[in-house]
Structures are given as C-alpha cells and as structure tokens.
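# Observations on chain architecture
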Amino acid sequence: MEFLKKFFDGTAHNIELRTVPAVAQIFTREEKLLNEFIANHKKLKHHIYFGCCTRAIEGNGKKESCSELVAFWVDIDFVKTPIEVADKVITDFAFKPSI
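First, a word on scope: everything that follows refers to the structure included in this document. (Residues numbered from 1 in each chain as written. Predicted model: local features only at pLDDT ≥ 70, side-chain atom pairs only at ≥ 80, totals over all residues. Heavy atoms only, no water.)

Judged by nonpolar contacts, Leu-4, Phe-7, Phe-8, Ile-15, Leu-17, Ile-26, Leu-34, Phe-37, Cys-52 and Ala-71 together constitute the single largest core of ten residues. Mapped by element, the contributors of at least two residues to this core are helix H1 (2-7), strand E1 (15-20) and helix H2 (31-43). If we skip the residues at most four places from it in the chain, Cys-52 touches Phe-7, Glu-68, Leu-69, Val-70, Ala-71 and Trp-73. (Core = buried A, V, L, I, M, F, W, Y, C linked by side-chain atoms within 4.5 Å. Buried < 20%, exposed > 50% of the residue type's maximum accessible area, 1.4 Å probe, protein only. Helix = DSSP H or I, 4+ residues; strand = E, 2+ residues; numbered from the N terminus. Contact = heavy atoms within 4.5 Å.)

Its volume calculated, the largest pocket comes out at about 840 Å³. Phe-72, Trp-73, Val-74, Asp-75 and Pro-97 are, among the 21 residues lining the largest pocket, the residues nearest its centre. Within the residue set of the lining of the largest pocket, elements represented by two or more residues are E1, strand E3 (47-50) and helix H3 (83-92). At three residues, H3 tops the list of elements feeding residues into the lining of the largest pocket. Considered class by class, the residues forming the lining of the largest pocket number 16 nonpolar, two polar and three charged. (1 Å grid on protein atoms, 1.4 Å probe; cavity = no way out; pocket = protein on both sides within 12 Å on 5 of 7 lines; lining within 4 Å. Points joined across faces, edges and corners; volume = space filled by probe spheres on them. Nonpolar A, V, L, I, M, F, W, Y, C, P; charged D, E, K, R; others polar.)

Here is the structure:
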C-alpha cells in the first residue's frame with residue numbers, strides 16, 4: 001500500500017487495481033478498500049495489476065477513462081509480437097525501466 005500511496009501522490013481520481021487472471025477489478029482511492037482487495041486476492045495467489053493512470057469514470061478501465069498519467073508504461077502483446085523481438089526492443093531501448 002505504501003507504494004501505491006507514493007505512486008499516486010498528488011493525483012485526484014480513482015486508482016484501478018485488477019487481478020490476473022481477470023476475476024476482479026476495483027476503482028477507488030479508499031485505502032481500506034484497496035487494502036482489502038489486495039489482501040483477499042493475495043490469499044487466492046492472484047497477481048495484482050495497477051493502472052498507471054487514474055480513472056475519471058467509475059468502473060471504466062478503458063483508455064477513454066484515463067485521467068492523470070502518473071508514469072509511462074509499455075504493454076507488449078505477445079500475440080502480435082514474438083517474445084524475442086520484445087526482449088531485443090527492451091534491451092536496446094535508451095531508457096531502462098524503473099519499476
């Protein structure tokens with residue numbers, strides 16, 4: 001939770017968390033609800049993804065709902081991009097990931 005507090009410091013809209021596999025999703029800034037979501041899905045051994053943008057529209061995880069861009073990210077779809085190509089692009093990229 002400390003990470004999310006620091007990451008979203010200075011923002012105003014909802015934080016999005018979702019599980020992988022995709023079984024649950026939450027949009028809120030309420031620390032109690034975020035902690036419960038994390039604890040519940042940690043017990044189930046789900047991975048938890050956080051959106052790098054806050055969400056202006058409740059319950060909408062689509063790009064149209066993005067409100068505040070907190071960080072840049074890369075989303076690689078291995079259906080369209082072979083892993084070897086993705087690895088090379090990431091390795092050759094001038095800026096290294098920070099998270």
